[in-house]
Amino acid sequence: MSIRSVLTRDLNESIRTCLGRAVKISMKCMVRMETKQDKFENRVLAFSACRLFIMTAKVPSRIDHHFHYLDIQAIESKQTTEFCLVVNDKRYTFIPADDRHNEIDAMIINLGVSIKNIFPSVPLSHIVRKLDVVPARRVQKLHEVARLVEAREPVPCGGFSTQYACMCDYHNLPYREEVAWDVDTIYLSHDSRELSLQDFDHLDPKDLVPIISALEYNTWFTKLRISHLRLSHEAAERLLHVLKKSVSLEEVYLDNTGLKADLAGKLSMALLANTSSLLTVLDVSHNAVEDKGVAHFVPAIAKIAETPPGASHLTGPVGRASKGLKRLGFAHCNLTAKGVNQLCHALSLNRTMSTTLTALDLSGNNMKEEVTNLYNFLAQPNAVTSLNVSGCDLLLDSIFGALLRGCTTHLARLDVSKNVFNTKKSKDIPPSFKQFFTSTIALKYLNCSSCRMPLEALKNLLLGLACNESTVDVELDLSANSLGPPGAHVLESCIHGVKCIASLDISENGLEQDLAGVVTAVSRNKSVRILKMGRNMANTKSKHVHHVVDAVVQMIQEEDCMLEVLYINDSRLKADLYSLLNALGSNNCLQTLDISGNLMGDTGARLLSKALQINCRLRQISLDRNGVSLQGLSDIAYGLQSNHTLKYIPAPLYDLAPCMKLSPDRTEAVWRRLQDLLHRNMAPQMRHSGQAFRLQQGLLLSSAQQMLDRLIGQIREQVRTLREKTPPDDERAELPLSRAEAVCEDAQRCKQLMARFHTVVMEREASGNPVELKLSQVAEQLHSVIAQHIEATVDRMLEAAEAECPHVLLSAVQQAIRSASAERVRLALPADQVRSALQQRAGSELAERVNELHVAVAAQVSDRVVDEVIESLTRSYQELTGDAGRKRACTPDVLKSHPRPPDGAEAGGADSSHSKEDVGSERSDPSPPKLEYLNLATPQLHAKKLNLQGRKMRPKSVVDSVEGVSAERIPDLLPSLDATEEEVDTVAELPASAYQLRHLGKARPRRAKSRAPTRPVVGEEGADVDTGLDVFFPPARSLPSSPLTSPDSESRSVTAWSPCRRWWRSPPRLLVCDRWQSGCGA
């Protein structure tokens, strides 16, 4: 009789009614259960998905006993007709109702299959601790069925949904479908192996219990993160149980979970009880563990070890070897020096820690006393790559000695912020401090902020890094050290030689006006790409602020500037920030700029808008807390319309809040427009280089225009004068004149070099850009490769399908599938789409780089050509005037006939000695002499064009002026002269700052006065005050077009001030009376 034949129809219906329609029964069988010793009663065993029900064999049936499969401690069958289960230390014995042993086989196999369906990747022996079944064929058959279950298609996330449902049944809690959907969909799509309870913190705390329990036998998730979440007592108990049983968890994060010392002890015991633990990361930071809790952790930390090579059979049921503890976090755990010493003593006792531990975080603990064990652990050779001891009240003098002995090889990140030195005396800084930075070979990040670092320590740090030739791209944080002006001097003298620094943070150090020198020193260090210098000018006087901003502008305007990120936030620069904004337009280095907290106002927003219209380099800019109103934001949005490179502007919340109160609709519209423009810049697009060429042409011509025009005018005038004096048939004299005219023609044409270069580039692109042509060819080849790849993949798929279903998949069906796949590829991925994707995405990025190279090369060529033209013009002029082979006298002609003062007069003071030194330096220095405007015989021509960097800055706007007139430039209201007249009438650019003006006649001996006048005599009474003005100021006449020549030694030169010019706008006009009269024909 079969098993089912024993169960009547009424009994089956009664069992179904009792259990409910939702419970799916996989097997029912009639058995006899031992109720008392040697007494058996009829029962019905109903096997569901995760629970066994023992039902009465009468109608109506009821549940006599039920228990979860996870409660089964042992499965025994010591006789062929006996089946025993040990559940919660209680024994249940069953025998078949008709004495047929095959029923026992079926029950054992069904029970094993049900458990394997829930936990497919964990051996049955790991769930049911004892399996004592005879004969052996039963166990063999059970293992064969279990292997068939394991060989099935893998379920999402290792069957987490099924295991979660099983645990809901185990804890008698409701099943939340959203949990299963999130894990099976979101986690699976991201291939995430980290289960974070923050994804489910919106649920009731008791609903977290089955989620945690599901990890007990799950082998998909290797990381568990319970951060910033307070666990209930039940959840904490289940966590301990999971850590005791888990065979796959490698990383456990329990930071800020309310972990106390008593729970820390239970956690340590759970880790000790798990002999198959693969734990590599343990983080219990931000919990009140205290020294008592650390004492509980010591045995577990000393026990965790790496599995020896060749001992994989000891690694547990999942077959993975233990890697040892890699990261340990005890930050902000209220530890003292005693607890840290205990912890580090355990690390030293574990022999594998020196090779496995790579990250140690002890920050935020109070270690005012000596932590000898920490120093001993760090002093021995170890593999620590990240060490964080910030805010521990450590004495930095001691820790660097240990780091020097054991951490110079692997240590890459070191955070010693908020610690102090033992003393500020320079003689007490240990040599190991400098030696560590000299010998480290892996350091990438160093945080020494808020350490009140002595100046000698700062000097040793910088000099040590300067001597280090092994490490590169170091991120150095020296913020909040209150370095002050003395620290600024140390930075200024040392930072330019530290070539291994890539990021430097010197913010909040009170450097004040001395920050300008530090910026200048940083500009000489071409390895620094990130500079943070905010919050340094809180007490700086307004008259010194512009020096710092000028130094920043000079740094970013250098041609070889490598700075990419600049933070100058919270400096309250106000109007002094405008010069930096004006310099951003043509800046080619900065990609990220933070100017927040500077109160630049709407004026600064307008200047920023102007800069963004021509800037092609900035990618991100932060501008909050600047007092920018809605009008300023509108100006920035307007500037973004012409900018295609800026991609990110953090929301200025502080500035938007008042705007939202006044006009929410308009504010939303302006911000949406700004975000739309940024989103447009994120999309790849092809842009032409015309704007960049025109910008570069304007900068180059503006810097060289005046110089070229002046030189060309002087040479042509000299050629005209010489032609009048030279006979027409003198070929020898005609040769330099023709050469000079040819050079002038080249000089005229060189002004249009950039435009010509742009035409060359456009012609190349019109005739067929080789880059675009190559991309087009690659796109065609790529489309063919994709089609062939899809076709080959379909063939492999059909082969696999034919192997699985050989009787169904006929050749006709395969051919139809191939045709449909080819058509699908043609429609889904046409050749035009591949070409556009390649050219618009990869091609746009490459085209942008090519355009930048075009502009850079064109600017370099044009600049060099202009320099050569100016050199040629200068040589031609000197050849025409006969000054090519002789040096100019340093003494102006107007002073040549004056007698030299006696030696005694020169030795009479510091001024006289200073004059001697100046004269000596003038005689030995071939550079242009001082007071060039006094020497009118042969004008001193500048060998180079005007400064290009000055032209890259946008001039001050009228918005930064008083009453509409710029404070730095008063307009000339007089009608402008002709080009030639203005060149002769005005003075060339002022001498450089190195040529200091001095009074050449200051040391001249003066006649002693015999008597002093009783009163100043202005003039005779009744005399006209205008008498003599027509003699002293001769009537205006047209100036000679030819350059003035030096007067002979008998004539005297008289200087006169032109009354027609404002004295504060133009330099004095110097007239030579004799030459003036001869030139005017008087």
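Residues numbered from 1 in each chain as written. Predicted model: local features only at pLDDT ≥ 70, side-chain atom pairs only at ≥ 80, totals over all residues. Heavy atoms only, no water.

A word on the overall build of the protein
Scanning the protein from N- to C-terminus turns up 37 helices and 23 strands. Here the protein, with 1082 residues, has 44% of them falling under the buried criterion. Considering only contacts in the protein between residues 6 or more positions apart, those separated by 24 or more positions represent 79%. Here the protein displays about 57000 Å² of accessible surface, and carbon together with sulfur accounts for 52% of that area. (Helix = DSSP H or I, 4+ residues; strand = E, 2+ residues; numbered from the N terminus. Buried < 20%, exposed > 50% of the residue type's maximum accessible area, 1.4 Å probe, protein only. Contact = heavy atoms within 4.5 Å. Areas by Shrake-Rupley, 256 points an atom, 1.4 Å probe, with all protein chains shown as cover.)

Comments concerning the nonpolar core
Formed by 205 residues in total, the largest nonpolar core has its most connected members in F160 and F330. When residues of this core are assigned to their parent elements, the largest contribution, eight residues, is made by helix 20 (residues 542-556). Excluding residues within four positions of it along the chain, F330 makes contact with V284, S285, V294, F297, I301, L335, L343, D361, L362, S363 and N365. Counting residues in each nonpolar core, the second largest holds 22 residues, with L711, F757, A858 and L880 among its members. (Core = buried A, V, L, I, M, F, W, Y, C linked by side-chain atoms within 4.5 Å.)

Some words on the confidence of the model for the protein
Here the protein shows a mean pLDDT of 79. Residues at 70 or above account for 75%. In this model residues 309-317 is a low-confidence stretch, pLDDT under 50, and it forms eleven contacts with partners more than four residues away in sequence or in other chains. Note on residues 1036-1082: pLDDT under 50 across the span, and 64 contacts to partners over four residues away in sequence or across chains. (pLDDT = per-residue confidence, 0-100.)

Quick notes on the pattern of salt bridges
Here the structure, examined in full by the defined rule, presents 29 salt bridges. As a salt-bridge pair, D105 and R137 come within 3.3 Å of each other at their nearest N and O atoms. Highlighted residues: D105 in helix 3 (residues 102-118) and R137 in helix 5 (residues 136-150), separated in sequence by 32 residues. Given the relative accessible area of 44%, R137 is considered partly exposed. Salt-bridge contacts for R672 lead to E668; the nearest nitrogen and oxygen are separated by 2.7 Å. Here the residue R672 and the residue E668 both occupy positions in helix 25 (residues 664-682), the gap between them amounting to four residues, near one helical turn. Among the ionic contacts, a cluster of salt bridges with common partners joins E508, R535, D570 and R625. (Salt bridge = Lys/Arg side-chain N within 4 Å of Asp/Glu carboxyl O.)

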